[in-house]
Amino acid sequence: MRTRPLKVALLGCGVVGSEVTRIMTTQGADLAARIGAPVELAGIAVRRPNRVRAGVPAELLTTDATALVKRGDIDVVIEVIGGIEPVRTLITTAFEHGASVVSANKALLAADGATLHAAAAAHKVDLYYEAAVAGAIPLIRPLRESLAGDKINRVMGIVNGTTNFILDKMDSSGAGYSEALDEATALGYAEADPTADVEGFDAAAKAAILAGIAFHTRVTMDDVYREGLTEVTAADIASAKRMGCTVKLLAICERTTDGRSVTARVHPAMIPLSHPLASVREAYNAVFVEAEAAGQLMFYGPGAGGAPTASAVLGDLVAACRNKLAGTTGAGESAYTQLPVSPMGDVVTRYHISLDVADKPGVLAQVATVFAEHDVSIDTVRQQGKDGEASLVVVTHRAPDAALSATVGALRKLDTVRGVASIMRVEGE
Ligand code: HSE
């Protein structure tokens with residue numbers, strides 16, 4: 001084994017950075033044996049050096065992240081700061097100075113992964129980011145390497161733990177969205193400002209990264225259709241249950257039927273209880289992959305948290321260090337298919353629509369006519385009437401989302417339709 005250590009710079013020392021430091025310090029001998037050389041933490045860039053961080057050597061702390069990545073003797077930079085700038089500049093500067101980078105930064109990779117990949121390739125160094133999607137769950141490497149010989153057609157996952165916790169609570173206790181969010185906040189799952197999670201931004205960034213890798217193309221956050229779960233009601237969950245389904249916030253990336261483009265979307269959806277993703281409870285994540293030769297695969301585990309995310313970071317660190325020792329680099333960006341991303345209107349899916357209607361002759365026929373006019377075929381209809389009003393639940397067959405959404409628009413205009421109580425896509429069948 002080489003005795004001269006590989007030098008590592010850590011950018012950020014919050015929940016994940018502290019765990020990375022702890023594991024590097026306590027498991028140094030094992031990491032060295034696996035890599036073939038010792039790894040030495042050479043510096044840790046933080047904003048607040050005086051904050052108490054148990055187990056973090058104070059002498060390694062610096063507030064000058066730029067100077068740290070420019071030192072010239074750093075082999076690998078681990079970035080766990082998050083956000084776009086100054087991190088993008090720090091990462092590209094690290095590449096320019098010969099360091100490989102391990103990042104957990106989904107926002108940056110989803111916004112501008114192409115720039116980072118190009119810079120890493122130009123300087124013949126690695127860019128790894130297993131921790132950016134679904135915490136500890138091995139997903140990027142399996143998609144990028146293990147499945148590199150297969151053709152992936154669909155990736156569908158629960159990639160946000162906070163929202164899965166909320167939906168699971170709503171499902172198991174009948175609670176409304178606000179009540180479930182309060183519980184998630186009290187238990188530390190939801191952040192004080194839960195917007196990124198509940199509005200689907202976090203999941204959309206992960207969907208962009210997964211779609212790009214799965215389909216060997218470039219997908220950015222702006223390409224991903226996004227709906228959060230703030231509009232999901234206890235009535236939606238109850239309706240899902242009546243259909244033998246549950247509601248999940250899904251990130252879905254798929255090839256279009258003609259194979260000429262891809263789509264990426266995040267929205268709440270009903271899935272049958274028999275689908276493997278339906279059994280993903282609490283704050284767990286899981287990603288269901290459909291590949292031509294492999295068939296169906298599911299990756300499951302903790303998608304957030306200091307130690308699980310550090311596990312993914314350390315795995316990347318070992319890979320980047322091994323490559324450094326061997327004088328090589330791992331798999332870089334693969335975007336050769338250049339498949340464009342189609343808009344949400346082109347996605348083919350099913351709708352569950354719950355309408356409040358007048359309970360009188362001809363209403364059902366009127367509603368059915370609107371579906372027919374938009375070329376949307378109805379699968380099932382359930383009606384429950386009371387005091388001249390009725391609740392009508394229609395589940396469609398598969399149709400383009402644009403046609404489904406135009407159908408709902410036309411239904412809203414009917415005098416006999418008092419209101420559209422809920423609209424939800426149905427997936428996983
Ligand atoms: N806030 C995310 C979640 C974890 O709830 O899953 C980080 O992406």
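Residues numbered from 1 in each chain as written. Predicted model: local features only at pLDDT ≥ 70, side-chain atom pairs only at ≥ 80, totals over all residues. Heavy atoms only, no water.

(A) Highlighting the packing of helix α13 (residues 363-373) against helix α14 (residues 401-412). At a minimum axis separation of 9 Å, α13 and α14 run at an interaxial angle of 145°. The two elements α13 and α14 cross, and the hand of that crossing is right-handed. On α14, the residues that touch Val 367, Val 370 and Phe 371 of α13 are Thr 407, Ala 410 and Leu 411. Looking at the contact of α13 with α14 residue by residue, the class counts come to five nonpolar, one polar and no charged. (Axes fitted to C-alpha atoms, helices over the stretch in contact; angles between N-to-C directions. Helix = DSSP H or I, 4+ residues; strand = E, 2+ residues; numbered from the N terminus. Left-handed = near helix turned anticlockwise from the far one by under 90°. Contact = heavy atoms within 4.5 Å. Nonpolar A, V, L, I, M, F, W, Y, C, P; charged D, E, K, R; others polar.)

(B) Fine view of the environment of Arg 48. Take Arg 48: it is sitting in the loop between β2 (39-45) and β3 (61-62). Spatially, the C-alpha atoms of Arg 48 and His 123 are 31 Å apart, while their sequence positions differ by 75 residues.

(C) Spatial organisation of the nonpolar core. With 80 residues, the main nonpolar core has Val 77, Ile 152, Ile 166 and Ile 209 as its most contacted residues. Here this core gets 11 residues from one element, more than from any other, and that element is helix α10 (residues 201-215). When neighbours within four sequence positions are excluded, Val 77 is seen to be in contact with Ala 9, Leu 11, Val 69, Ala 94, Ala 99, Ser 100, Val 101 and Val 102. Counting 34 residues, the second-largest nonpolar core is a separate cluster that includes Val 8, Leu 61, Ile 78 and Val 80. (Core = buried A, V, L, I, M, F, W, Y, C linked by side-chain atoms within 4.5 Å. Buried < 20%, exposed > 50% of the residue type's maximum accessible area, 1.4 Å probe, protein only.)

(D) View of the pattern of salt bridges. Considering all chains together, one arrives at 22 salt bridges under this definition. Note that Glu 333 is salt-bridged to Arg 218, the shortest N-O span being 2.8 Å. In this pair, Glu 333 is assigned in the loop between α12 (306-326) and β13 (348-358) and Arg 218 in the loop between α10 and β8 (225-226), connecting sequence segments 115 residues apart. Of the residues examined, Glu 333 reaches a relative accessible area of 33% and is grouped as partly exposed. With a shortest N-O distance of 2.8 Å, Glu 427 and Arg 265 are connected by a salt bridge. Of this pair, Glu 427 sits in the segment after β17 (417-426) while Arg 265 sits in strand β10 (residues 262-272), placing them 162 residues apart in sequence. Salt bridges here are not isolated pairs; linked through shared partners, they connect Arg 154, Glu 254, Arg 265, Glu 290 and Glu 427. (Salt bridge = Lys/Arg side-chain N within 4 Å of Asp/Glu carboxyl O.)

(E) Region of the structure containing the domain arrangement of the protein chain. Per the domain assignment, the segments of the protein chain are domain 1 (6-135 + 306-326), domain 2 (140-302) and domain 3 (345-426). On a C-alpha basis, the centres of domain 1 and domain 2 stand 28 Å from each other. Facing 18 residues of domain 1, the contacting portion of domain 2 comprises 17 residues. Carbon and sulfur atoms make up 62% of the area that domain 1 and domain 2 hide from each other, which totals about 1,400 Å². Remark: the boundary between domain 1 and domain 2 carries two salt bridges. Residues Lys 106 and Asp 202 are paired through a salt bridge, measuring 3.2 Å at the closest nitrogen-oxygen approach. Applying the counting rule to domain 1 against domain 2 returns six residue pairs in polar contact (both at pLDDT 80 or more). No other element matches helix α5 (residues 106-122), which puts six residues into the side of domain 1 that touches domain 2. Partitioned by chemical class, the residues of the side of domain 1 that touches domain 2 number 12 nonpolar, three polar and three charged. (Domains from an automatic or database assignment. Buried area = accessible area lost by both parts, 1.4 Å probe. Polar contact = N/O pair within 3.5 Å; in protein donor to acceptor, adjacent residues only side chain to side chain.)

(F) A look at the environment of Pro 38. Here Pro 38 is to be found in the loop between α2 (28-35) and β2. In the structure, Pro 38 is positioned 102 residues away from Ile 140 in sequence and 26 Å away in space, judged by C-alpha atoms. Setting aside its immediate chain neighbours within four residues, Pro 38 contacts Arg 2, Thr 3, Arg 4, Pro 5, Leu 6 and Ala 32.

(G) Here's a closer look at the packing of aromatic side chains. Scanning the model with the defined rule gives two aromatic pairs in all. Here Tyr 284 and Tyr 300 contribute two aromatic rings whose centre-to-centre distance is 5.3 Å and whose plane-to-plane angle is 15°, an arrangement assigned as stacked. Here Tyr 284 is found in strand β11 (residues 284-291), whereas its partner Tyr 300 is found in strand β12 (residues 295-302), with 16 residues between them in sequence. Using a relative accessible area of 46% as the deciding quantity, one classes Tyr 300 as partly exposed. Stacked on the ring of Tyr 128, the Lys or Arg Arg 141 has its end atom at 5.3 Å from the ring centre. (Phe/Tyr/Trp six-rings, centres within 6.5 Å; stacked < 30°, edge-to-face > 60°. Lys NZ or Arg CZ within 6 Å of the ring centre and 35° of its normal.)

(H) Molecular detail of the site of the ligand. Every residue close to the ligand is listed here: Lys 106, Asn 160, Gly 161, Thr 162, Asp 197, Asp 202, Lys 206 and Ala 304. In the model, an oxygen atom of the ligand is placed 2.7 Å from a nitrogen or oxygen of the Gly 161 main chain. Here the residues of the shell around the ligand are counted per class, giving one nonpolar, three polar and four charged. (Near = heavy atom within 4 Å.)

(I) Expanded view of helix α8 (residues 177-186). Taken as a whole, α8 has its buried residues at Tyr 177, Ala 180, Leu 181 and Ala 184. In an axial view of α8, the angular spread of the buried residues amounts to 100°, which keeps them on one side of the axis. Facing away from the buried side of α8 by over 90 degrees, the exposed positions are Glu 179, Asp 182 and Ala 186. At its buried positions, α8 is contacted by α7 (161-173) and α9 (195-198). Just past α8, the residue Gly 188 takes up positive phi, approximately 85°. (Arc of directions from axis to C-beta.)

(J) Looking closely at the side chain of Arg 144. The residue Arg 144 is located in helix α6 (residues 140-146) in this model. Buried Arg 144, no salt bridge; nearest opposite-charge side chain is Glu 145, N-O distance 4.9 Å. Within the structure, Arg 144 has its side chain in polar contact with the backbone oxygen of Ala 331 (distance 3.2 Å). (Lys, Arg positive; Asp, Glu negative; His and termini not counted.)

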